[in-house]
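Given next are the chains, with one letter for each unit.
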Amino acid sequence: MAQGEIWILGATGRVGRAVAAQIVAAGVVPVLAGRDAGRLRTAAADLGLDTDSKIVVASGVEAMAAEITRQRPAVVVNTIGDYAETAVLLARACMPGGHYLDQANDPAAFDRLFALHDEAAAVGSTLVVGAGFGVVGTEAIVARLCENRPVPSRVRVDAFASVAVEEGALGCVSQ
């Protein structure tokens, strides 16, 4: 296993760059992964990483899964999207012993990743689905609204993802 490596899949996208920046700010050098070597090098330079920083280039999800299986990173952060289709393949590539997380926000992705629970637990891997704001934001609102009230048998929350453009801050900004 690549000792302690944290891979950011989709590292040149808006969320991937923000996740990588937070990891760098914590004093850890992530491995940037994506489809375009030039964009990955630019992202690394923008983060202030050495020109020798490791990047992983793969043509698609299947190729990325093969690289994960071959190189054995400790943690894989999936920011490439389409989680219902990508999560299981990438999570299985992390096993045994590697860990996976994404920011899925849809029931199909949750169900498919939760179905791997016993398999992951048996081989010492942790799988985290829904690490993004969509799940936390909606569940926090429901929890607050249900405080000091009888527990409902069912709750429906309708929310939609941000369609913000590249400009502006990602996430909450305190003033």
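Rules behind the numbers
Residues numbered from 1 in each chain as written. Predicted model: local features only at pLDDT ≥ 70, side-chain atom pairs only at ≥ 80, totals over all residues. Heavy atoms only, no water. Helix = DSSP H or I, 4+ residues; strand = E, 2+ residues; numbered from the N terminus. Buried < 20%, exposed > 50% of the residue type's maximum accessible area, 1.4 Å probe, protein only. Contact = heavy atoms within 4.5 Å. Areas by Shrake-Rupley, 256 points an atom, 1.4 Å probe, with all protein chains shown as cover. Axes fitted to C-alpha atoms, helices over the stretch in contact; angles between N-to-C directions. Parallel < 35°, antiparallel > 145°, perpendicular 65-115°, else oblique. Left-handed = near helix turned anticlockwise from the far one by under 90°. Nonpolar A, V, L, I, M, F, W, Y, C, P; charged D, E, K, R; others polar. Arc of directions from axis to C-beta. Polar contact = N/O pair within 3.5 Å; in protein donor to acceptor, adjacent residues only side chain to side chain. Salt bridge = Lys/Arg side-chain N within 4 Å of Asp/Glu carboxyl O.

1. Some remarks on the overall build of the chain
Of the regular secondary structure elements, the chain holds 7 helices and 6 strands. Start at the N end of the chain and walk to the C end: the helices and strands fall as β-α-β-α-β-α-β-α-β-α-α-β-α. Here the chain, with 175 residues, has 37% of them falling under the buried criterion. For the chain, the share of sequence-separated contacts (at least 6 apart) that also reach a separation of at least 24 residues comes to 63%. When the accessible area of the chain is evaluated, it comes to approximately 10700 Å², of which 55% is carbon and sulfur surface.

2. Looking at the packing of helix H4 (residues 83-94) against helix H5 (residues 107-114)
Where H4 meets H5, the closest approach of the two axes is 8 Å, and the angle between their N-to-C directions is 20 degrees. In this view, H4 runs roughly parallel relative to H5, as classed from their interaxial angle. Between H4 and H5 lies a crossing whose hand is right-handed. In this structure, H4 uses Tyr83, Ala84, Glu85, Ala87, Val88 and Ala91 to contact H5, whose residues at the interface are Ala108, Ala109, Arg112 and Leu113. Here the contact of H4 with H5 is composed, by residue class, of 8 nonpolar, no polar and 2 charged.

3. Thoughts on the environment of Gly97
Of note, Gly97 is situated in the loop between H4 and strand S5 (99-102). Looking at Gly97, the relative accessible area reads 22%, which means it is partly exposed. Sequence separation between Gly97 and Ala122 is 25 residues, and the spatial gap between their C-alpha atoms is 9.5 Å.

4. Observations concerning the environment of Ala37
Take Ala37: it is sitting in helix H2 (residues 37-46). Residue Ala37 is classed as partly exposed on the basis of its relative accessible area, which comes to 22%. Sequence separation between Ala37 and Val56 is 19 residues; the distance between their C-alpha atoms is 7.9 Å. Each residue touching Ala37, except ones within four places of it in the same chain, is listed here: Ile55 and Val57.

5. Focus on H2
Here H2 has its buried residues at Leu40, Ala43 and Ala44. Seen end-on, H2 carries its buried residues on one side only, within an arc spanning 100 degrees. Opposite the packed face of H2, turned more than 90 degrees from it, sit the exposed residues Arg41, Ala45 and Asp46. Among the residues of H2, the N-terminal cap falls to Asp36, whose side-chain oxygen and the backbone nitrogen of Gly38 are separated by 2.9 Å. Directly after H2, the chain includes Gly48, whose backbone phi takes a positive value near 80 degrees.

6. Thoughts on the environment of Val28
With respect to the helices, strands and loops of the structure, Val28 is situated in the loop between helix H1 (14-25) and strand S2 (31-34). Residue Val28 is classed as partly exposed on the basis of its relative accessible area of 32%. Separated by 24 residues in the primary sequence, Val28 and Gly4 place their C-alpha atoms 9.5 Å from one another. When residues no more than four places from it in sequence are discounted, the contact partners of Val28 are Ile6 and Ile23.

7. A look at the pattern of salt bridges
Tallied over the entire structure, the rule returns 5 salt bridges. For Glu85, the salt bridge is made with Arg112, and the minimal N-O distance between the two is 3.3 Å. Of the two residues, Glu85 sits in helix H4 while Arg112 sits in helix H5, which places them 27 residues apart along the sequence. Judged by its relative accessible area of 38%, Arg112 falls in the partly exposed class. Across the pair Arg144 and Glu147 runs a salt bridge, and its minimum N-O distance is 3.0 Å.

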